[in-house]
Each structure stands twice: as C-alpha cells, then as structure tokens.
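Each chain is listed here by its residues.
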2 protein chains.
Amino acid sequence: MRKDAVQNRERLLAAARRLFADRGLDVPLEEIAREAGVSIGTLYNRFPARDDLVAAVFEDRMATVAGLAERALTAADAWEGFVGFLTGVCELQAADLGYNDLAVRGAPTGPGHALMRRLLERAQESGGLRSDVTLTDMAFVIWGVGATVRATHEVAPGAWRRHLALALDGLRAGAARPLPVPPMTTLQARAALEGC
Amino acid sequence: MRKDAVQNRERLLAAARRLFADRGLDVPLEEIAREAGVSIGTLYNRFPARDDLVAAVFEDRMATVAGLAERALTAADAWEGFVGFLTGVCELQAADLGYNDLAVRGAPTGPGHALMRRLLERAQESGGLRSDVTLTDMAFVIWGVGATVRATHEVAPGAWRRHLALALDGLRAGAARPLPVPPMTTLQARAALEGC
DNA sequence: CCTCAAGTTGAGAGAGTCCTCAACTTAGCT
DNA sequence: AGCTAAGTTGAGGACTCTCTCAACTTGAGG
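A few points on the structure. Please read these numbers as outputs of a predicted model, since none were measured by experiment.

### Some remarks on the protein's contact with DNA strand C
Then, in step 1: Taken together, 21 residues lie near DNA strand C, and Asn8(A), Ser39(A), Gly41(A), Lys3(B) and Gly41(B) sit nearest.
Then, in step 2: Listed by contribution, the elements that provide at least two residues to the surface near DNA strand C are helix H1 (3–23) and helix H3 (40–46) of chain A together with helix H1 (3–23), helix H2 (29–36) and helix H3 (40–46) of chain B.
Then, in step 3: Take the surface near DNA strand C: its biggest share by element is four residues, from H3(A).
Then, in step 4: Its residues placed into classes, the surface near DNA strand C shows eight nonpolar, six polar and seven charged.

Shown next as structure tokens:
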C-alpha cells in the first residue's frame, strides 16, 4: 500500500473514532470523510461497507473485553470478578456511543462468549450469582444499560452506574425470586440482534 | 367537520394504530396514508405534524396508565401494587412498538407522574421497595424493558418478562446494596428525553 | 525524468422521506 | 339544481444519505 494511502486510512480511522464515539454508529459517512479531510470516494475505496470501517475502528475493543474477562476470572471473589467484568463493559459503552451501539447490537454474540460463560458459571458456583440466570440473560444488562447510556450521556453521564447497580442487585443470589418465562435460547438471542 | 372528513380521520387513525404497533413510531407517513387509502395531502391536512397523529393514536393509553396506577394504589399489598403497575405498563410496551417508543421517549414525564410518586412512596413505606430509589430511577426499568422489547419482540416475545422480573428483584428492599452516584434530578430525567 | 499502477476526486444517480400547494372534487345548505 | 366552503389530490421541491465511476493526480521504481 502506498504511504499516502496508509495516511489517509489512518485519518479516516481517527475521524471515525471521534465521530462514532460522540454520536454513535449511524453518523453519515460523508461527514467522516470530511472530518478526515478526504473525499467520500476515498472512504469507499478503503472501506467498501460501513461495517468494514466499524470493524476496523472497534477491533481493539474485542481484545479489551477479552482482557477484562480474563482478569475477572482470576479475581479472588468470583462475584466481584463478575461485577468487575460487567462494569468494565458498561464503562466502555458509556465512554463511546459507537461502542454502545455495537454492544447493544451484538450483545450475546460477543467475542468473549466462552469466557463469559465460565465467568458466569464461576460466579454461580461461588453462590454470589443467582443460579437461575443464563448467559442470554446478560443481554438484558447490556441492552438496558445501553438504553440508559443513550438517553443520559449528555445530561447525566453517570446515571448508568445506578442502573447497573440496581441490575446487579437483581442478579444476586440473595435476591432471587422464581423467574417467569424460560430464558432465551442462544438462537433466539442471536436472532434478536438481526432485528436491530 | 364534514362526514367524509371524519371518516378519513378515522381511517388514518386506524392505519396509524396498526403500523405504529407493528413497526414503531418512525413509520413513514406516506405509508400510513396509503394504508388508510387516502392521499398524503389529506394526512397532513388532518395532522399537520407527526406528533399530532401520535398524540391522537395514543390518547387512550394515558387513561389506561392512569387507571393502572389508581388500581395499583388500592391493592392490599403495596409492593404487589407497585409490581402490578410496572407490569401493566410493560405489557402495553410489549403489545405495541409505537407505545414502546413513546414510553421510552417520555418515561419520567408521564401523565401519572403524581400517581406514580404516591405508588412508589407507598411501596417504600410498606417495606417492599428499597428506600434509596426515586421516581427517576423508574426510567431505568422503562428504558431497559423498552430496549429488550425492541430487540426481542419478533423472536422471543415474552423475554421482557424475565428482564422485568430481574429488575424488580433488584428493586426489592431485601436486595438493597448502597447505590453509587445520586439519582437523576427531575430536570435531568426530563432532559434525557429530548435527546431521544 | 518518465511511466504507470495506485490512489484520489467530487459530481451525480438513486433511494427514501418530509412537506407544500394549485387544481380539482364533493358534501351539504338553500 | 346550483353554489360554496370544506376537503382531497398527487406531482414535485427540498433535504439527506448511500454508493459509483470516469477523469484526474501522484508516489515510487526503473
């Protein structure tokens, strides 16, 4: 790749990072090109589809989340580890509206799928996490906090922490009351994301 | 008003009710006009702004929610009343994507504002509801369940009940752990809605 | 310096939505 | 039946966003 092309790619990524973070994934591509000081044609040249740009921008987050999960697994207290992981993910959501959109749209399909399952089972075995929740129920936390982040990020930037705290209190073993309907199947959870 | 005009108004409302329910508030107005068998000009003639149509379609829901709140206030068990109210509102959300959008966008400004405050205080005095939550925290339930409804309505229509049950378990006095950040002020909660 | 593959450009086609308005139609009164 | 205010119509202007492509520019190897 020619060096001016590399530079333009970097500029596009930097612009996209900024705009996605401030306004979410639906920012017009023309605006990203303008912000990058590059024409719309160049943007399409580098990133034929919006998803290619999104994937490139948020590549690092996959590793970040995996790191969070691994650290959480080594926590002395399994429940604390579980809480730390969810808090970490929600902090990423709150820090970047683009990642918030991505997390909401990809909640249960995430990369740390296997890691999360172990995290959850470990927290259940330790007696901290109620035993009647499944991995697919974690989507409720992501979706819920995601909605709160969207609504409040400008006007009450820390409000999501309160939402998360309430949600976590509902996940504690001590709080458990029998749940109604069965959990979503993995297939259902996956399908739920297509619709948004 | 001429009787053909009345009829067209009814047709428009019926069409809007159907389409809003199925697809949410952002359905194109042209499609509503087509579904009603009426031209787009007539729609604009009757309802100059989208909000006028939305208000007319969901007028009845205001009364429904007020009724839910009043019934909840007379429940023998204050906590059960509180749960019944929230469940009722969420059922409305799940039954109608348009109302879901409306509830999410208008969560804390709702009509039963005063009624809801009494409902909440009553549930707290009875010892069922944790005492550190405020009215503005209810928005988390509406926003959260709203997001789950949106994501799952096609693929796992009952999933929101599980989300709500978990949220309610987090609101129980028994589950209470100290909450982080202070609650949103009413002003913040109101402002949060403008952004969406 | 020359060449040309690689890269950039931006006007414009296309799709979708909102909203208007001048021309037309009709309900309902006399 | 005739009149008129009330109502309807739908083409079209305005805006926004996506995506393409033929013409132009430039980096870098020879």
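### Here's the deal with the interface of chain B and chain A
Then, in step 1: Every contact between the two is made by 39 residues of chain B and, on the other side, 39 residues of chain A.
Then, in step 2: Of all the secondary structure elements, the ones that give two or more residues to the side of chain B that touches chain A are helix H9 (138–152), helix H10 (159–171) and helix H11 (186–194) of chain B.
Then, in step 3: Among the elements that make up the side of chain B that touches chain A, the one with the highest residue count is H10(B) (10 residues).

### Digging into the environment of Val141(A)
Then, in step 1: Mapped onto the fold, Val141(A) is located in helix H9 (residues 138–152).
Then, in step 2: Overall, the presence of 22 C-beta atoms within 10 Å leaves Val141(A) in the buried class.

### Some thoughts on the protein's contact with DNA strand D
Then, in step 1: Residues in contact with DNA strand D amount to 21 residues; listed here are only the nearest, Lys3(A), Gly41(A), Asn8(B), Ser39(B) and Gly41(B).
Then, in step 2: Those elements giving two or more residues to the surface near DNA strand D turn out to be H1, helix H2 (29–36) and H3 of chain A together with H1 and H3 of chain B.
Then, in step 3: The greatest single-element share of the surface near DNA strand D, amounting to four residues, is contributed by H3(B).
Then, in step 4: Looking at the surface near DNA strand D residue by residue, the class counts come to eight nonpolar, six polar and seven charged.

### Here we look at the nonpolar core
Then, in step 1: Core analysis: the biggest nonpolar cluster contains 118 residues, and Ile32(A), Phe82(A), Ile32(B) and Phe82(B) have the highest contact counts within it.
Then, in step 2: Contacts of Phe82(B), omitting those with residues within four sequence positions, involve Ala72(B), Leu119(B), Leu120(B), Ala123(B), Gly128(B) and Leu129(B).

### Description of the relation of the copies chain B and chain A
Then, in step 1: Overlaying chain B with chain A gives an RMSD of 0.0 Å, the required rotation being 180° about an axis along which the chain moves by 0.0 Å. Considering both components of the superposition, the chain copies are consistent with a two-fold axis.
Then, in step 2: Counting the interface residues of chain B, we find that 100% of their copies in chain A are interface residues as well, pointing to one common contact surface.

### Concerning the packing of helix H10 (residues 159–171) of chain A against H10(B)
Then, in step 1: Viewed as axis vectors pointing N to C, H10(A) and H10(B) meet at an angle of 95°, and their least axial separation amounts to 7 Å. Classified by the interaxial angle, the pair formed by H10(A) and H10(B) is roughly perpendicular. Taken together, the residues of H10(B) that come into contact with H10(A) (itself represented by Leu166(A), Ala167(A), Asp169(A), Gly170(A) and Leu171(A)) are Leu166(B), Ala167(B), Asp169(B), Gly170(B) and Leu171(B).

### Some details on helix H6 (residues 78–95) of chain B
All names here are of chain B.
Then, in step 1: The end-to-end C-alpha distance of H6, which contains 18 residues, comes to 26 Å, matching closely the 26 Å that a straight helix rising 1.5 Å per residue would cover.
Then, in step 2: Buried within H6 are the following residues: Ala78, Gly81, Phe82, Val83, Phe85, Leu86, Val89, Cys90, Gln93 and Ala94.
Then, in step 3: Summarising the contacts, the buried residues of H6 are in contact with helix H5 (59–73), helix H7 (97–106), helix H8 (113–125), H9 and H10.

Basis of the calculations
Residues numbered from 1 in each chain as written. Chains lettered and ligands numbered in written order. Predicted model: local features only at pLDDT ≥ 70, side-chain atom pairs only at ≥ 80, totals over all residues. Near = placed C-beta within 6 Å. Helix = DSSP H or I, 4+ residues; strand = E, 2+ residues; numbered from the N terminus. Nonpolar A, V, L, I, M, F, W, Y, C, P; charged D, E, K, R; others polar. Contact = placed C-beta atoms within 7 Å. Buried ≥ 20, exposed ≤ 12 C-beta atoms within 10 Å, placed from the backbone. Core = buried A, V, L, I, M, F, W, Y, C linked by C-beta atoms within 7 Å. Least-squares fit on C-alpha atoms with pLDDT ≥ 70 in both. Axes fitted to C-alpha atoms, helices over the stretch in contact; angles between N-to-C directions. Parallel < 35°, antiparallel > 145°, perpendicular 65-115°, else oblique. Expected span 1.5 Å × (residues − 1).

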